[in-house]
Amino acid sequence: QVRIVESGGGLVQPGGSPRLSCTASGFSFSNYVMAWYRQAPGKEREWVAHISLTGDSSNYADSVKGRFTIFRDSANNTMYLQMDSLKPEDTAVYYCKGVGRVRDPWGQGTQVTVSS
């Protein structure tokens, strides 16, 4: 049974730097490209970033490029999203998932609220 747990969100001031974590179980984590997504209030879920199997390659949405860093610790089935220079428009629920694993359930996500 696939289980994904996201954590690390909260209320953050503009310019803050939280780090999100994603822990997955029930599939071979190291064999999948992993991705972060987010869903802002009233909007559809959108892709944020993804990272290669080995962690040596990553891609980012233009809206977060240069501010967010994705990395993974496959030995511990965990992926991270370091978020820097947060803006109010980064407010969203953040989710992670294995790329291509369309049948997996989404985790509960972690809420990030950027506000002063």
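Residues numbered from 1 in each chain as written. Predicted model: local features only at pLDDT ≥ 70, side-chain atom pairs only at ≥ 80, totals over all residues. Heavy atoms only, no water.

(A) Structural detail: the sheet that holds strand 9 (residues 92-98). Spatially, 2-10-9-4-5-6 is the arrangement adopted by the 6 strands of the open sheet, whose pairing is mixed. At either end of the open sheet lies a strand with only one pairing partner, and these are strand 2 (10-12) and strand 6 (58-60). Looking at each pair of strands side by side, their axes are set apart by 25° on average, direction ignored. Sheet analysis places strand 2 next to strand 10 (residues 110-114), joined by 3 bridges and oriented parallel. Following the sheet pairing, G10 is matched in strand 10 by V112. (Pairing = 2+ DSSP bridges. Helix = DSSP H or I, 4+ residues; strand = E, 2+ residues; numbered from the N terminus. Axes fitted to C-alpha atoms, helices over the stretch in contact; angles between N-to-C directions.)

(B) Up close: the state of the cysteines. A full pass over the atoms with the stated rule returns 1 disulfide. The disulfide bridge from C22 ends at C96, spanning 1.9 Å between sulfur atoms. Across the S-S bond of C22 and C96 the torsion is about 70°, and the bridge reads as right-handed. Separated by 74 residues along the polypeptide, C22 in strand 3 (residues 19-25) and C96 in strand 9 bring together distant segments of the chain. Here C22 falls in the buried class, since its relative accessible area comes to 0%. On the basis of relative accessibility, which here comes to 0%, the residue C96 falls in the buried class. (Disulfide = S-S within 2.5 Å. Buried < 20%, exposed > 50% of the residue type's maximum accessible area, 1.4 Å probe, protein only.)

(C) Highlighting the nonpolar core. Of all hydrophobic cores here, the largest spans 28 residues; its most connected members are W36, F68, M79, L81 and Y94. Only strand 3, strand 4 (34-39), strand 5 (46-51), strand 7 (68-73), strand 8 (78-83), strand 9 and strand 10 provide two or more residues apiece to this core. Discounting residues that sit within four places of it in the chain, F68 has contacts with R38, V48, Y60, L81, Q82, M83, D84, L86, D90 and Y94. (Core = buried A, V, L, I, M, F, W, Y, C linked by side-chain atoms within 4.5 Å. Contact = heavy atoms within 4.5 Å.)

(D) Summary view of the environment of Q82. Mapping Q82 onto the fold places it in strand 8. Along the sequence, Q82 and I70 sit 12 residues apart, while their C-alpha atoms lie 6.3 Å from each other. Side chain to side chain, Q82 and D84 meet in a polar contact 3.1 Å long. (Polar contact = N/O pair within 3.5 Å; in protein donor to acceptor, adjacent residues only side chain to side chain.)

(E) Spotlight on the pattern of salt bridges. With the rule as written, the count across this model stands at 5 salt bridges. The partner of R38 in a salt bridge is E46, and the shortest N-O contact between them spans 2.7 Å. A relative accessible area of 7% means that R38 is categorised as buried. The partly exposed category is assigned to E46, whose relative accessible area is 35%. A salt bridge links R38 to D90, with the shortest nitrogen-to-oxygen separation between them at 3.0 Å. Taken together, the residues R38 in strand 4 and D90 in the loop between strand 8 and strand 9 connect sequence positions 52 residues apart. The same class applies to R38 as to D90, namely buried. Within the structure, one salt-bridge network assembled from shared partners comprises R38, E46, R67 and D90. (Salt bridge = Lys/Arg side-chain N within 4 Å of Asp/Glu carboxyl O.)

Shape is all these values report; function is a separate question.
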